[in-house]
Amino acid sequence: MRPLAIASAILSLAATSLCTDTNLTKPLTSTIILPSTFKPAQNFKNANLVHIINLEKSYPKESINVVIENIAKTAQDEYFIPFTAQQMETIGGLEVKDRKDADAGKFVVEAVEFDAESDTQFYRIRLPKPLAPKAQQTLGITFSYLSALNPLPASIAQNDKQFLVYAFSAYCQSAYVTTKQKTEVKFPGTAIPDYTIIPGTNGAPESPQRQGTKFTYGSFGEVPAGAVEPVQVRYEFTKPLIHVSRLERDIEISHWGGNIAFEDRYTMTNRAANLSKQFSRVDYAAQQYYNPPSTAVKELKFPLKIGSLDPYFTDVIGNVSTSRFRSNKREANLEIKPRYPVFGGWNYPFRVGYSADLKKYLRKLSSGTTYVLNVPLLEGPKQPEGMEYEFIELRIILPEGAENVQYSTSVPLVTAGTSLHRTFMDTTGRTALTLTAVNIVDDFRDRELVVTYDYPVLAILRKPLVIFLTTMSLFAAAWGIGSLDVSIRGKRS
């Protein structure tokens, strides 16, 4: 599955061993190693499939609603979805649920590793209950691709419109025979100058059928397993393509101070079309009077939790004063403007931080010394064009002496582990839970992360006792030194 995919498998296996050693719950993603001759058995058929591709944001979001039928003679609980090797490296947020049973929760999804040289790889879906022969079940599969939209042309003038290209298959990729299917494509507008046309067969009209901002390819009759029909569309999208290559998020807990501190460090890139000429500050300033669509990142809006305090916004130069914070009983919004408009191909690293009352995020169980922390795993900007995150590293810095750390979240993770984080006035260091995720989009914003840990009374009193004993030792040392007679006197006759 290419070197990157193999590395992901190794990381996932390492994460499992880490969780065993540190008493953490298992990460939500793992890799299943199967023989190189593996091929999904034809135990299912897709009775009806609707493939929806949403191109309204800066990343494509795809949904597959499929009615699967067990055509085997025995009950089956494993359903496979094929992807290309390139798609496996950029796919993110793959979730599966029962469309007709919302209470069933999300299904277990695992990547399959069977042949590193094959261009076709699989995800395995485990059904909650084995599906009986001839029985049917409706699956809802959602996922996104990062860095999948490309501007064409790749360079434009500062005031020009931007057009993006996206390639996909009019036949939904499937490891099983599909009896009936269609593909719907939702665009952000009606300006779609170029798209692939598929001739109709057996008297059927050609595809796509256009209805406003939606294209429909199909419906198609029976399609064999693995069949593809390449399609490419080019459409207007004069907005930035915000890509965060790395997000480092720290959440620090202070029981004695009753405070929780958040800090997010972003390495942000705009993947929009590059400027074909040198940037003109005069033209940019003149445009602001009528605010036309632009590929530049001009402003980022952070909807924070109610009660957030003392926000700050800095970059590599220092504090950035072009920010606005509005907080009341109903909302808390932080609006920031980068030091310069971030056009296509430009980078902008920055950090945002704020504090809050710990009581709003932490509670203690009625019995014992266990605490429950509930925080958002991702709390980035909320932009109409959307944002994508290639790599996220989250650290939960717990008080010194916290033990038996466990966590739970619905966000797919790659690795998890604990370590010691040493700061001033610490003795052994604070317990830090580190979680990593890849290929996450802003649809996962505000997903909860629940962390439980034990914090014994002795650990709570450790720091004040150390401070008290240290202070008393200094006083005792000062008194002892002051009691010494160091005067110089002559000898008595």
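As shown above, the structure is provided for reference.
Residues numbered from 1 in each chain as written. Predicted model: local features only at pLDDT ≥ 70, side-chain atom pairs only at ≥ 80, totals over all residues. Heavy atoms only, no water.

Here we take up the overall build of the protein. Each helix and strand in the protein was counted, giving 4 helices and 31 strands. Counting only C-alpha atoms and orienting by the principal axes, one finds that the protein spans roughly 130 × 70 × 45 Å. Within the protein, the fraction of its 493 residues that count as buried is 47%. Across the protein, contacts joining residues at least 24 apart in sequence account for 77% of those joining residues at least 6 apart. Accessible surface computed for the protein: about 24700 Å², of which carbon and sulfur atoms make up 54%. (Helix = DSSP H or I, 4+ residues; strand = E, 2+ residues; numbered from the N terminus. Buried < 20%, exposed > 50% of the residue type's maximum accessible area, 1.4 Å probe, protein only. Contact = heavy atoms within 4.5 Å. Areas by Shrake-Rupley, 256 points an atom, 1.4 Å probe, with all protein chains shown as cover.)

What follows concerns the pattern of salt bridges. When the charged atoms of two side chains with opposite charge come close together, those side chains can pair. Applying the stated criterion across every chain yields a total of 22 salt bridges. Note that Asp442 is salt-bridged to Lys57, the shortest N-O span being 3.8 Å. Pair noted here: Asp442 is in the loop between strand S30 (430-441) and strand S31 (448-454) and Lys57 is in the loop between strand S2 (44-54) and strand S3 (61-70), with a separation of 385 residues, a long-range link. A relative accessible area of 10% means that Asp442 is categorised as buried. Overall, Lys57 belongs to the partly exposed group, its relative accessible area being 25%. Across the salt bridge formed by Glu379 and Arg249, the nearest N and O atoms sit 3.2 Å from each other. Pair noted here: Glu379 is in the loop between strand S26 (370-376) and strand S27 (387-400) and Arg249 is in strand S17 (residues 242-254), with a separation of 130 residues, a long-range link. With a relative accessible area of 2%, Glu379 lands in the buried category. Taken together, the shared-partner salt bridges in this structure form one network comprising Arg246, Glu248, Asp250, Glu263, Arg265, Arg351 and Arg395. (Salt bridge = Lys/Arg side-chain N within 4 Å of Asp/Glu carboxyl O.)

Of all hydrophobic cores here, the largest spans 56 residues; its most connected members are Ile260, Phe350 and Tyr453. Ranked by residue count, the leading element in this core is S27, at 6 residues. Counting residues in each nonpolar core, the second largest holds 54 residues, with Val185, Phe187, Tyr217 and Val231 among its members. (Core = buried A, V, L, I, M, F, W, Y, C linked by side-chain atoms within 4.5 Å.)

Take the sheet that holds strand S25 (residues 362-364) next. On the basis of which strands lie adjacent, the open sheet formed by 4 strands has the order S25-S26-S31-S28 and antiparallel pairing. The sheet is open, and its two borders are formed by S25 and strand S28 (403-409), each paired with just one other strand. Pairwise comparison of adjacent strand axes, ignoring direction, gives a mean angle of 20° for this sheet. Here S28 pairs with S31 via 5 bridges, running antiparallel. In the strand pairing of S31, Thr409 is matched with Leu449. (Pairing = 2+ DSSP bridges. Axes fitted to C-alpha atoms, helices over the stretch in contact; angles between N-to-C directions.)

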